[in-house]
Amino acid sequence: MTKSLIMYFSLSGATKTAAETIRKYTHSDIIRLEPKTPYPTGYSQYSKVGMQQMQDKANVAIKTKIPDLHQYDYIFVGYPTWDGQVPRIINTMFAENDFSGSRVVPFSTSVSTSFEDTLGSLKAAVGDGVSIVGGFRYSGEGQARDYLNTYNLTD
């Protein structure tokens, strides 16, 4: 039996829903990434902050305690797509934690941006020594279940 972890960042709740759906089928441990400095409330407010962070290539400090990642066979990493990229908190997460030898299964949420459009910024954040296993844009429970079954990632 494999052991997996879901680490996700969500402000609107869409990525949280995706993470909880994946947990339903994988029985993974789950962690919500929270920044040390909270984002303002409301899309129009937090999106301005997020876009500025990306423009500045900011290091977004993480409040969440991250466990030893080497105990997991798979690590699901979920994020909303911001201007075709991963939010800067995802960059910080990879920079500050040892993912070497890990198998990362990314998933994104977006109304219109494809998962493939996020791959460039994700690969830049992940760095060397980490295997990216597939990945998908969450568009509902059935699609997520089918994806997880295709890669034999369900319990």
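Residues numbered from 1 in each chain as written. Predicted model: local features only at pLDDT ≥ 70, side-chain atom pairs only at ≥ 80, totals over all residues. Heavy atoms only, no water.

This brings us to the nonpolar core. Counting residues in hydrophobic clusters, the biggest one holds 29 residues, and the most contacted among them are Met7, Leu33, Ile90, Met93, Phe94 and Phe99. Counting only elements with at least two residues in this core, the list comes to strand 1 (4-8), helix 2 (43-56), strand 3 (74-80), helix 3 (88-96) and helix 4 (119-126). When residues of this core are assigned to their parent elements, the largest contribution, four residues, is made by helix 3. Isoleucine 90 has contacts with Phe9, Leu33, Val77, Gly78 and Tyr79, leaving out every residue within four places of it along the chain. Counting residues in each nonpolar core, the second largest holds 17 residues, with Ile6, Ile22, Phe107 and Ala144 among its members. (Core = buried A, V, L, I, M, F, W, Y, C linked by side-chain atoms within 4.5 Å. Buried < 20%, exposed > 50% of the residue type's maximum accessible area, 1.4 Å probe, protein only. Helix = DSSP H or I, 4+ residues; strand = E, 2+ residues; numbered from the N terminus. Contact = heavy atoms within 4.5 Å.)

Following the UniProt record, the feature "domain: Flavodoxin-like" (unreviewed entry) maps to residues 3-130 here. The span residues 3-130 shows a helical share of 34% and a strand share of 18%, and its end C-alpha atoms are spaced 17 Å apart. (UniProt positions renumbered as here; feature names shortened; annotations may be inferred.)

Roughly 350 Å³ of internal volume is contained in the largest pocket. Along the walls of the largest pocket sit 19 residues, with Tyr43, Pro80, Thr81, Trp82 and Thr109 positioned nearest its centre. Put simply, the parts of the chain that give the lining of the largest pocket at least two residues each are helix 1 (14-26) and helix 2. In terms of residue count, helix 2 provides more of the lining of the largest pocket than any other element does, four residues in total. For the lining of the largest pocket, the class distribution of residues is eight nonpolar, ten polar and one charged. (1 Å grid on protein atoms, 1.4 Å probe; cavity = no way out; pocket = protein on both sides within 12 Å on 5 of 7 lines; lining within 4 Å. Points joined across faces, edges and corners; volume = space filled by probe spheres on them. Nonpolar A, V, L, I, M, F, W, Y, C, P; charged D, E, K, R; others polar.)

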